[in-house]
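Residue-level structure breakdown
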Amino acid sequence: MQVKFYDNAEDELLKFAVIISKHGGKWVFCKHKERSTYEVPGGHREDGESILDTAKRELQEETGAVTFNITPVCVYSVIGKNRVNETGEEMYGMLYYADVEEFDSELHSEMERVVLFDELPDKWTYPEIQPLLIAEYQRRFVNGE
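Computed from a predicted structure; not experimentally measured.

Cut-offs used in this document
Residues numbered from 1 in each chain as written. Predicted model: local features only at pLDDT ≥ 70, side-chain atom pairs only at ≥ 80, totals over all residues. Heavy atoms only, no water. Helix = DSSP H or I, 4+ residues; strand = E, 2+ residues; numbered from the N terminus. Rg over C-alpha atoms; globule rule 2.2 N^0.38 Å. Contact = heavy atoms within 4.5 Å. Areas by Shrake-Rupley, 256 points an atom, 1.4 Å probe, with all protein chains shown as cover. Lys, Arg positive; Asp, Glu negative; His and termini not counted. Charge placed at Lys NZ, Arg CZ, Asp CG, Glu CD. Salt bridge = Lys/Arg side-chain N within 4 Å of Asp/Glu carboxyl O. Pairing = 2+ DSSP bridges. Phe/Tyr/Trp six-rings, centres within 6.5 Å; stacked < 30°, edge-to-face > 60°. Lys NZ or Arg CZ within 6 Å of the ring centre and 35° of its normal. Core = buried A, V, L, I, M, F, W, Y, C linked by side-chain atoms within 4.5 Å. Buried < 20%, exposed > 50% of the residue type's maximum accessible area, 1.4 Å probe, protein only. Expected span 1.5 Å × (residues − 1). 1 Å grid on protein atoms, 1.4 Å probe; cavity = no way out; pocket = protein on both sides within 12 Å on 5 of 7 lines; lining within 4 Å. Points joined across faces, edges and corners; volume = space filled by probe spheres on them. Nonpolar A, V, L, I, M, F, W, Y, C, P; charged D, E, K, R; others polar.

**Details of the overall build of the chain**
Within the chain, the secondary structure is distributed over two helices and seven strands. Going from N to C terminus, the chain has its helices and strands arranged as β-β-β-β-α-β-β-β-α. Computed over its C-alpha atoms, the radius of gyration of the chain comes to 14 Å, within 12% of the 15 Å expected for a compact globule of 145 residues. Of the contacts formed within the chain by residues at least 6 apart in sequence, a portion of 72% connects residues at least 24 apart. Working note: accessible area of the chain is about 7800 Å², and carbon and sulfur atoms make up 45% of it. Side chains of the chain give 16 positive and 29 negative charges; the mean places of these two sets differ by 4 Å.

Next up, the structure:
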């Protein structure tokens, strides 16, 4: 599995949106009903949807976020076969960062719950991808590069 980062890409290539988010300085993660691991909110772009609308929808569906500020970070790609890519060819997504101010009182998705972490978790749903996305966000925004 290989993850690459780009400053931009053609819009039609962007199939996914992943949203790294924080609330009150804590990392926001989701716990899926069928898994014992934690994941960053995100998902597939629907037909006719802008990639920003995909990010907003996925953040709302998976975390219950109702008030937030969202910012693009970069384009990423994943090369290699995985649960959402049977061919292993390069697939592109847009990485966002969101500062969540308020959550709805309940979730209406496949997620069991939202968990806020002071430190990044040990049990990742996508350990070959998501820690790299967070490191790239930190490199670009937190470390000031």
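Next comes the rest of the description.
**Topic: the pattern of salt bridges**
If you walk through the whole model with that rule in mind, you get 12 salt bridges. Through salt bridges that share partners, Glu46, Glu49, Arg57, Glu58 and Glu61 make up one connected network.

**A look at the pairing of strand S6 (residues 91-103)**
In the sheet, strand S2 (residues 14-23) pairs with S6 via eight bridges, with the strands oriented parallel. The residue bridging Ala17 from the neighbouring strand is Met94, located in S6. In terms of strand pairing, strand S5 (residues 65-79) meets S6 through 12 bridges, oriented antiparallel. Across the sheet, Val78 pairs through a bridge with Met91, a residue of S6.

**As for the packing of aromatic side chains**
Evaluated as defined, the whole model comprises seven aromatic pairs. Counting every residue linked through ring pairs, the aromatic cluster contains Trp27, Tyr97, Tyr137 and Phe141. Positioned above the aromatic ring of Trp27 is the side chain of Lys22, whose terminal nitrogen or guanidinium carbon lies 4.1 Å from the ring centre.

**Structural notes on the nonpolar core**
In terms of nonpolar packing, the biggest core is built from 22 residues, with Ile20, Phe29, Leu95 and Leu133 touching the most fellow members. Looking at this core, the elements with two or more residues in it are S2, strand S3 (26-32), S5, S6, strand S7 (111-117) and helix H2 (130-142). Element by element, the count of residues in this core is highest for S5, at four residues. Once residues within four sequence positions are removed from consideration, Leu95 is found in contact with Val18, Ile20, Pro72, Val73, Cys74, Tyr76 and Leu133. Residues Ile51, Ile70, Met94 and Val100 belong to the second largest nonpolar core, which totals 15 residues.

**Some remarks on helix H1 (residues 51-63)**
Given 3.6 residues per turn, any residue in an α-helix points the same way as the ones three and four places further on. The terminal C-alpha atoms of H1, which comprises 13 residues, lie 18 Å apart, in line with the 18 Å expected from a rise of 1.5 Å per residue. Considered for burial, the residues of H1 that qualify are Ile51, Thr54, Ala55, Arg57, Glu58, Leu59, Glu62 and Thr63. In this structure, the buried side of H1 is in contact with S2, S3, strand S4 (42-44), S5, S6 and S7. Two residues or fewer past H1, Gly64 is found with a positive phi of approximately 80 degrees.

**Let's talk about the layout of surface pockets**
Quantified by volume, the largest pocket comes out at close to 520 Å³. Contributing to the lining of the largest pocket are 30 residues, with Phe16, Gly43, Arg83, Val84 and Tyr126 lying nearest its centre. Those elements that provide at least two residues to the lining of the largest pocket are S2, S4, H1, S5 and H2. Here the lining of the largest pocket is composed, by residue class, of 15 nonpolar, eight polar and seven charged.

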